[in-house]
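So you can see what is in the structure, the chains are spelled out below.
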Amino acid sequence: MATAAKRPKVAAGGSPAEDGSADALSGFLDWCETVGLELSPKVYVSKEGTVSDYGLLAREDLQIGEVLFTIPRAVLLSQHTTSIRSLLEKDQASLESQSGWVPLLLALLHEYTASNSHWRPYFSLWPDFSSMDHPMFWPEEERMRLLQGTGILEAVDKDLANIQLEYTSIILPFMESHLDLFDPKLHTPELYQRLVAFVMAYRRWLWRSHFSVPSEVARRPLAVTDPSFQEPLDEEDEDEKEPNPPMMVPMADILNHVANHNANLEYSLECLKMVTTQPIGKGQEIFNTYGQMANWQLMHMYGFAEPYPGNTDDTADIQMVTVRRAALQGASTEAERQLVSEQWDFLCQLEMVGEEGAFVIGWEEVLTEEELSMTLKVLCMAAEEFKEFKEHEGWEEDTEDEESFTLSNETIPRLKASWKKLLHDSALLTLQSYSSDLKAEQDLLNDKVAYGKLSQREQQALQVRYGQKRILHQLLELAS
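Read on for a plain summary of the structure. Just so it is clear, the structure is predicted and the values come from calculations on it, not from any experiment.

1. A few points about helix α11 (residues 369-379)
- Counted residue by residue, α11 has 9 buried out of 11 residues, so it is predominantly covered.
- The set of residues buried in α11 consists of E371, L372, S373, M374, T375, L376, K377, V378 and L379.

Written out as structure tokens, the structure reads:
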């Protein structure tokens, strides 16, 4: 699972409580057998030998394509399987929200606190919610101190605002209409917030189904290689249908994450199967993937970051408005500043930029290549060139040189000088948004004694900041 948290609990009357991890695991495995969830004898669940909390390990050598466990669809916990599914379906129109999670969260509120829930043994492996350490639960001062410049602060602020809005405008009115099933004194905003964080941490992430809207949401491609908690649509349906509703997947959510994962969840009409994608040696941990996620996203959603340089999917954001700011700083006359403003407005009309958007820079290439290329091109145009470009509504024949260029580590050094300067200045401005510099953090990472004295939050935040700054400094060198 995603975070190192205490687990196990099942108290009389409804919410999980201390019950002993061995008994909880044994009860969960017995329940799996009862409901037809088949676990391969070649693997086992344990807290020993894992990177965090419970995990799945190989009892013997595994080859590519081996099925580790099979989950019947009836075992999944969703708005369609909960004991209050008919009520949720009846009130479906009133439960629509930006996140799309309200029906699942209502199902969880009910099932989690119902002593006779079908999923009670599954809940016994859930963490003690008070131990969850997502940044949304940190004191605001600590978030500001450790996460300034990373993009996490803005995402958390949106989360908290949207959680409060959904609870007061949708969840609470629904519960007050069904007091035979819900008790606002038990199903509090605090419990709702913890469940939101839990669902964020124990399901795969699909960009457009999250509470907050990440800064690059409109620009970054879907970054999910194996969305195991929100079933992917068929390719022909992707543009026509809404995303499938999220669901909780017992056993699958036990697996921890690394970018270089060795198992994937596969879907069929009858069941879900976890299948190996790499050979796995006896005693090794089996990892699923939460998607191609940067460390700031892992920290925001799951409460952890991969230590440098382990996360090959790490990225750094350059806010789109930062590029505009860099262009304005480079303008020496009022006429040039006016030209930049007109160019920016035109880019907005083309839907290439936005006030809350960001360009996403990876280790090897720019992920938002089309948007950044067009932005650099337009903001670096002379007045006459821009006038002609605008008259053609942004359409023009690409030259052979321009067509051959992509924004990668190989090609950025060969960009036009004006493009490179704008890119360089934008990266510098972004680095100034952090509260510390790269060298200080590199020294801290290299000093094992000093690093070991940091709190877990400080260590995780340091990994996020350091990875981002390394990417930005690499960009500085490429654009010099």
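2. Considerations on the pattern of salt bridges
- As enumerated under the stated definition, the model contains 12 salt bridges in all.
- Taking the shortest distance from any N to any O, the salt bridge between K42 and E66 comes out at 2.9 Å. Residue K42 is found in the loop between β1 (38-39) and β2 (43-46), and its partner E66 is found in the loop between β3 (55-58) and β4 (67-72); the two are separated by 24 residues along the sequence.
- Overall, E66 belongs to the buried group, its relative accessible area being 18%.
- With a shortest N-O distance of 2.7 Å, D133 and R457 are connected by a salt bridge. With D133 in the loop between α4 (120-123) and α5 (140-147) and R457 in helix α17 (residues 456-478), this pair connects stretches of sequence that are 324 residues apart.
- With a relative accessible area of 22%, D133 lands in the partly exposed category.
- When salt bridges that share partners are traced, they join D133, E142 and R457 into one network.

3. Side note on helix α3 (residues 102-113)
- Between its first and last C-alpha, α3 extends 17 Å over 12 residues, near the 16 Å set by a 1.5 Å rise per residue.
- Burial of α3 is extensive: 12 of the 12 residues sit out of reach of the surface.
- Along α3, the positions that sit buried rather than exposed are V102, P103, L104, L105, L106, A107, L108, L109, H110, E111, Y112 and T113.
- Where α3 is buried, its residues touch α2 (85-90), α4, α6 (152-176) and α7 (189-201).

4. Considering the sheet that holds strand β8 (residues 285-288)
- A sheet is described by the order of its strands in space; here 4 strands give the open sequence β2-β3-β8-β5, paired in mixed fashion. Edge strands, defined here as strands with exactly one partner in the open sheet, are β2 and β5 (256-257).
- Pairing of β2 with β3, which is carried by 4 bridges, proceeds in the antiparallel orientation. Considered in β3, the bridge of V43 is made with A58.

5. Some details on the packing of aromatic side chains
- Inspection of the entire model under this criterion finds 19 aromatic pairs.
- Judged by centre distance (4.0 Å) and plane angle (40 degrees), the ring pair of W126 and F198 falls under tilted. Taken together, the residues W126 in the loop between α4 and α5 and F198 in helix α7 connect sequence positions 72 residues apart. No difference in accessibility class separates W126 from F198, as the two residues are buried.

6. Here we look at unusual backbone geometry
- A cis geometry characterises the amide bond from Y308 onward to P309, with omega recorded as 5 degrees.
- When you line up the elements, P309 lands in the loop between α8 (295-302) and β9 (315-319).
- Positive phi outside glycine occurs at M251, with the angle close to 80 degrees.
- Note on placement: M251 falls in the loop between α7 and β5.

7. Brief notes about the sheet that holds β1
- Taken in spatial order, the 4 strands make up an open sheet running β1-β4-β7-β6, and their pairing is antiparallel. The sheet is open, and its two edges are formed by β1 and β6 (263-267), each paired on a single side.
- As paired elements, β1 and β4 share 2 bridges and run antiparallel to each other. When the bridges of β4 are listed, E38 appears paired with T70.

8. What about the side chain of H257?
- Residue placement: H257 occurs in strand β5.
- Only 3.4 Å separates the side chain of H257 from the side chain of E306, close enough to count as a polar contact.
- If sequence neighbours within four positions are ignored, H257 has contacts with F287, N288, T289, Y290, G291, L298, F304 and E306.

9. Remarks on the packing of helix α15 (residues 438-446) against α17
- Remark: α15 packs on α17, axes separated minimally by 10 Å, with the N-to-C direction vectors making an angle of 130 degrees. Between α15 and α17, the angle falls in the class oblique. The handedness of the crossing between α15 and α17 comes out as left-handed. On α17, the residues touching L438, E441, Q442, L444 and L445 of α15 are L462, Q463, R465, Y466, K469, R470 and H473.

10. Here we look at the environment of E270
- Among the structural elements, E270 can be located in the loop between β6 and β7 (271-276).
- By relative accessible area, which is 57% here, E270 ends up exposed.
- Residues E270 and P72 lie 198 residues apart in sequence; the distance between their C-alpha atoms is 6.3 Å.
- Ignoring anything within four residues of it in the chain, the contact list for E270 reads I71, P72 and R73.

11. Remarks on the packing of α3 against α6
- Look at α3 against α6: their axes get within 11 Å of each other, and the N-to-C directions meet at 55 degrees. Classed by the angle they form, the pair α3 and α6 counts as oblique. For α3 against α6, the interelement crossing comes out right-handed. On α6, the residues that touch V102, L106 and L109 of α3 are E166, I170, I171 and F174.
- The residue makeup of the contact of α3 with α6, split by class, is 6 nonpolar, no polar and 1 charged.

12. Details of the environment of S46
- Looking at where S46 falls in the secondary structure, it is placed in strand β2.
- With a relative accessible area of 13%, S46 lands in the buried category.
- S46 sits 239 residues away from E285 along the chain, and the two C-alpha atoms are 9.7 Å apart.
- Beyond its immediate chain neighbours, meaning those up to four positions away, S46 contacts D53, Y54, G55 and L57.

Conventions adopted
Residues numbered from 1 in each chain as written. Predicted model: local features only at pLDDT ≥ 70, side-chain atom pairs only at ≥ 80, totals over all residues. Heavy atoms only, no water. Buried < 20%, exposed > 50% of the residue type's maximum accessible area, 1.4 Å probe, protein only. Helix = DSSP H or I, 4+ residues; strand = E, 2+ residues; numbered from the N terminus. Salt bridge = Lys/Arg side-chain N within 4 Å of Asp/Glu carboxyl O. Expected span 1.5 Å × (residues − 1). Contact = heavy atoms within 4.5 Å. Pairing = 2+ DSSP bridges. Phe/Tyr/Trp six-rings, centres within 6.5 Å; stacked < 30°, edge-to-face > 60°. Polar contact = N/O pair within 3.5 Å; in protein donor to acceptor, adjacent residues only side chain to side chain. Axes fitted to C-alpha atoms, helices over the stretch in contact; angles between N-to-C directions. Parallel < 35°, antiparallel > 145°, perpendicular 65-115°, else oblique. Left-handed = near helix turned anticlockwise from the far one by under 90°. Nonpolar A, V, L, I, M, F, W, Y, C, P; charged D, E, K, R; others polar.

None of the figures reported here should be taken as evidence of function without further support.
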